[in-house]
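# Coordinates in review
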Amino acid sequence: MDEGSGDTADYYVISPTESEIYTAMRAWLLEILPSGMRVIQGQQNRQAAPRDPFAVMTIIGRERIATNGWTYDGTSTRTVTEQIRITMQISLFGPASSNQMQLVTALWRDMQAVDYFRNQSVPVCPLTTSTTRQLGFITGERQYEDCWSVDLSMQVNLTVKIPQTFSGQIPSIELNEATTGARTTE
């Protein structure tokens, strides 16, 4: 771990980053969707929508689903693990987007997605899908276009490494016997 400038903020780095989660999801979508389909991250400024067909991914929610866990490396670091549910909206655009969305939802709830993410470096585990929905989408040319959307939820185990002070030796302890006085009742 690089402590950089020595600023403690450099030490507290969350892993995986949002960028790594988007990269892992994009790779899975590119594997299952038809060849040539573009997959982009949503909410990007000054970026025109690509030509059909294409997919847009947008993280729309984060929810803690368990109490933190932690481990120690024995020298100077404690690793805190937070299990969260991330919800990502996937929107598919183009004439076959309905069928392609069916493919996404079927495989998200299948061992194919579980096995895919198990072999990646990002700790993502597919959980659930919302119902799919057809959205009215009007292009810049004022033409209706097919757009199907679904919310995929996943468990992500986020970790953050923080400095931890450990004692190098146990101090000596002196024991003193306590005396008890006789108790009188009157």
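Throughout what follows, the structure given in this document is the object of discussion. Here, residues in each chain are numbered from 1, in the same order as that chain's written sequence. Restriction of local features to residues with pLDDT of at least 70 applies here, the model being predicted, together with a cutoff of 80 or more for giving and counting side-chain atom pairs; totals for whole chains, interfaces and linings are based on all residues. Remark: hydrogens and water are excluded; side-chain values derive from all non-hydrogen atoms of the structure.

This next bit is on the overall build of the protein chain. Helix and strand assignments follow DSSP, with helices taken as H or I runs no shorter than four residues and strands as E runs no shorter than two, numbered in order from the N terminus. Of regular secondary structure, the protein chain possesses four helices and 10 strands. Moving toward the C terminus, one meets the helices and strands of the protein chain in the order α-β-α-β-β-β-β-α-α-β-β-β-β-β. Residue burial in the protein chain is summarised as follows: out of 186 residues, 32% are buried. In what follows, residue pairs with any heavy atoms lying within 4.5 Å of each other are defined as contacts. Taking as baseline every contact in the protein chain between residues at least 6 positions apart, the subset at least 24 positions apart corresponds to 67%. Buried, partly exposed and exposed residues are distinguished by accessible area as a fraction of the type maximum, computed with a 1.4 Å probe on protein chains only: under 20%, between the cut-offs, and over 50%, respectively.

What follows is about a nonpolar patch on the surface. A surface patch of nonpolar side chains, about 340 Å² in accessible area, is lined by Trp70, Tyr72 and Phe166. The topology assignment puts tryptophan 70 in strand β4 (residues 69–72). Only residues above 30% relative accessible area that lack a salt bridge enter a patch, with like-charged residues linked at up to 9 Å and the nonpolar side chains Val, Leu, Ile, Met, Phe, Trp and Tyr linked at up to 5 Å. Areas reported here follow the Shrake-Rupley algorithm with a probe of radius 1.4 Å; residue values treat only the protein chains shown as occluding. A pairing counts as a salt bridge when a side-chain nitrogen of Lys or Arg comes within 4 Å of a carboxyl oxygen of Asp or Glu.

Moving on: the pattern of salt bridges. As enumerated under the stated definition, the model contains five salt bridges in all. For glutamate 82, the salt bridge goes to arginine 64, with nearest N and O atoms at 3.2 Å. Of this pair, glutamate 82 sits in strand β5 (residues 77–93) while arginine 64 sits in strand β3 (residues 54–64), placing them 18 residues apart in sequence. Accessibility expressed as a relative area gives 24% for glutamate 82, which makes it partly exposed.

Take the environment of leucine 107 next. Looking at where leucine 107 falls in the secondary structure, it is placed in helix α3 (residues 97–108). Look past the residues within four positions of leucine 107 in its chain and what remains in contact with it is Trp28, Ile32, Gln112 and Ala113.

As for its position among the elements, serine 149 is in strand β10 (residues 147–163). For the pair formed by serine 149 and leucine 92, sequence separation is 57 residues and the distance between their alpha carbons is 6.3 Å. Here a polar contact is recorded for every N or O atom pair within 3.5 Å, except that within protein the pair must consist of a potential hydrogen donor and a potential acceptor, and residues adjacent in sequence are included only if both atoms are side-chain atoms. A polar side-chain atom of serine 149 sits 3.5 Å from the main-chain carbonyl oxygen of isoleucine 90.

Any two rings among Phe, Tyr and Trp, with Trp reduced to its six-membered ring, count as a pair given centres within 6.5 Å; such a pair is stacked if its planes are under 30 degrees apart, edge-to-face if over 60, and tilted if neither. Applying the stated criterion to the full structure yields five aromatic pairs. Relative to phenylalanine 117, the ring of tryptophan 108 has its centre 5.9 Å away and its plane inclined at 75°; by these criteria the two rings are edge-to-face. Ring centres of tyrosine 116 and phenylalanine 117 lie 5.3 Å apart, and the angle between their planes is 90°; this geometry places the pair in the edge-to-face category. By the burial criterion, tyrosine 116 is buried, and phenylalanine 117 matches it.

To define axes, lines are fitted to C-alpha atoms, for helices over the stretch in contact only, and angles between the resulting N-to-C directions are given on a 0 to 180 degree scale. In the contact formed by helix α2 (residues 18–32) and helix α4 (residues 111–118), the axes pass within 11 Å of each other and the chain directions differ by 135°. The orientation of α2 relative to α4 falls into the category oblique. When the axes of α2 and α4 are compared, the crossing they make is right-handed. Of the residues in α4, those touching α2 at Ala24, Met25, Ala27, Trp28, Glu31 and Ile32 are Gln112, Ala113, Tyr116 and Phe117. Here the term charged refers only to Asp, Glu, Lys and Arg, the term nonpolar to Ala, Val, Leu, Ile, Met, Phe, Trp, Tyr, Cys and Pro, and the term polar to all other amino acids, Gly among them. Tallied by class, residues from the contact of α2 with α4 come to eight nonpolar, one polar and one charged. What sets the label is the angle itself: under 35 degrees gives roughly parallel, over 145 gives roughly antiparallel, 65 to 115 gives roughly perpendicular, and the rest give oblique. Helix crossings are classified by the rotation of the near helix relative to the far one: an anticlockwise turn of less than a right angle makes the crossing left-handed, while a clockwise turn makes it right-handed.

Turning our eyes to something else, we now look at the nonpolar core. Nonpolar cores are built from buried Ala, Val, Leu, Ile, Met, Phe, Trp, Tyr and Cys residues. Side-chain atoms within 4.5 Å join them into one set. Formed by 32 residues in total, the largest nonpolar core has its most connected members in Met25 and Trp28. Per-element tally for this core: the top contributor is α2, with seven residues. Here tryptophan 28 is in contact with Val104, Leu107, Trp108, Gln112, Ala113, Tyr116, Phe117 and Leu152, once residues within four sequence places are set aside. Core analysis: the second largest hydrophobic core is formed by five residues, Phe54, Val56, Phe93 and Cys147 among them.

Along the chain, the position of threonine 79 falls in strand β5. Within the local environment of threonine 79, its side chain forms a polar contact with the side chain of lysine 161, the two groups lying 3.2 Å apart. Apart from the residues lying within four places of it in its own chain, the contact partners of threonine 79 are Gly69, Trp70, Thr71, Thr159, Val160 and Lys161.

By this rule the span expected of a helix is its residue count minus one, scaled by 1.5 Å. Between its first and last C-alpha, α2 extends 22 Å over 15 residues, near the 21 Å set by a 1.5 Å rise per residue. Those residues of α2 not exposed but buried are Ile21, Tyr22, Ala24, Met25, Trp28, Leu29 and Ile32. With its buried residues spanning 165° around the axis, α2 presents them on a single face. In this structure, the buried side of α2 is in contact with β2 (38–41), β3, β5, α3, α4 and β10. Taking the helix axis as origin, the arc is that swept by the directions to the C-beta atoms.

All we've got here are geometric facts, nothing functional implied.
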